[in-house]
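Here is what each chain is made of, one letter per residue.
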Amino acid sequence: MHSPDVRRVLQGSPDPLVVDLGYGAMPNTTLELAGRLRTVRPDLRVTGLEIDPARVVPGSDGVEFARGGFELAGLRPNLVRAFNVLRQYPEDAVPAAWQRILSGLAPGGLLMDGTCDELGRRCAWVLLDADGPRSLTLAWDPFDVEMPSDIAERLPKVLIHRNIEGELVHDLLRRADRAWSVSAPLAPFGPRIRWRAAMKVLADQGLPITLPRRRMRDNVLTVPWSSVAPAP
């Protein structure tokens, strides 16, 4: 809801539609997604899709649920969130899955392909548009993570096996850890204040990040895709 790209897409559509793809055994995350995004655009429509018909539940709170997969059940959403969906696929299947989803979006639409833990305390996602990946975002509960590199276990499928020497995402996590360590004197003020200082260290080092203007509940780091794209 704080992503400028997501806000632009939702606010710029005359009839915005969001799809939560693969919401799982319970629809809680879809309902939460609708509640959060409606603070950006109160009239947006939300549909949760599941490939397993046994998981399709009746609509609730203005949110619909239906059976569907990468074809998006024929819908043309402006935004698709697919969390913990592609992690069960082999890495080489990711580009085709991305393309299938992206081909079903409304013009200018976005896809969020990500992974998170069961409680949403550690998350990472790739934001894509019709031209491909735009950015990687890492987000975590400040009180649940000791070092930024702890998020490595939740990297999206396209990057989870790339956290090795010589890969850009590995270098990003190492740099984030060093900036976190350098900011240790601010630890008494809490992990959020410490992370804001760490981000300033990263920005001063030339990492292309935008420092958030407002305080956020989670610690968040967003970088352009070119900063983490896998080596050929």
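Right above here is the structure, for reference.
Criteria and cut-off values
- Residues numbered from 1 in each chain as written.
- Predicted model: local features only at pLDDT ≥ 70, side-chain atom pairs only at ≥ 80, totals over all residues.
- Heavy atoms only, no water.
- Helix = DSSP H or I, 4+ residues; strand = E, 2+ residues; numbered from the N terminus.
- Buried < 20%, exposed > 50% of the residue type's maximum accessible area, 1.4 Å probe, protein only.
- Contact = heavy atoms within 4.5 Å.
- Expected span 1.5 Å × (residues − 1).
- Arc of directions from axis to C-beta.
- Pairing = 2+ DSSP bridges.
- Axes fitted to C-alpha atoms, helices over the stretch in contact; angles between N-to-C directions.

Undergrad: Run through the environment of Pro 133, naming residues and quoting values.
TA: Assignment of secondary structure puts Pro 133 in strand 7 (residues 132-140). Accessibility expressed as a relative area gives 28% for Pro 133, which makes it partly exposed. Ignoring any residue separated from it by four or fewer positions in sequence, one finds Pro 133 in contact with Trp 98, Val 126, Leu 127, Leu 128 and Trp 225.

Undergrad: Account for helix 6 (residues 191-204), with residues named and values stated.
TA: Under the 1.5 Å per step criterion, the end-to-end length of helix 6 is 20 Å for 14 residues, consistent within 8% with the ideal 20 Å. Restricting attention to buried positions, one finds in helix 6 the residues Pro 191, Arg 194, Trp 195, Ala 198, Met 199 and Leu 202. Angularly, the buried residues of helix 6 cover 140 degrees about the axis, an arc narrow enough to put them on a single face. Buried-residue contacts for helix 6 involve strand 7, helix 5 (168-182) and strand 8 (219-224). A positive phi of about 100 degrees marks Gly 206, the residue just after helix 6.

Undergrad: Help me get a handle on the environment of Pro 230, residues and values and all.
TA: Along the chain, Pro 230 turns up in the segment after strand 8. Here the alpha-carbon distance between Pro 230 and Gly 166, two residues 64 residues apart in the chain, equals 9.6 Å.

Undergrad: Outline the sheet that holds strand 8, listing residues and values.
TA: With mixed pairing, the 8 strands of this open sheet are ordered in space as 3-2-1-4-5-6-7-8. If you trace the sheet from one side to the other, it starts and ends with strand 3 (63-67) and strand 8, each paired once. This sheet shows a mean twist of 20 degrees between the axes of neighbouring strands, independent of strand direction. Summarising the sheet, strand 6 (residues 122-129) and strand 7 pair through 8 bridges and their orientation is antiparallel. Counterpart to Arg 122 in the pairing with strand 7 is Trp 140. Contacting strand 7 and strand 8, helix 6 runs over the sheet at an angle of about 20 degrees to strand 8.

Undergrad: Go over helix 5, please, and point to the residues and values.
TA: Here helix 5 is 15 residues long and its end C-alpha atoms lie 21 Å apart, about the 21 Å a rise of 1.5 Å per residue gives. Buried residues of helix 5: Val 169, His 170, Leu 172, Leu 173, Arg 175, Ala 176, Asp 177, Ala 179 and Trp 180, and no others. Where helix 5 is buried, its residues contact strand 7, helix 4 (157-160), helix 6 and strand 8.

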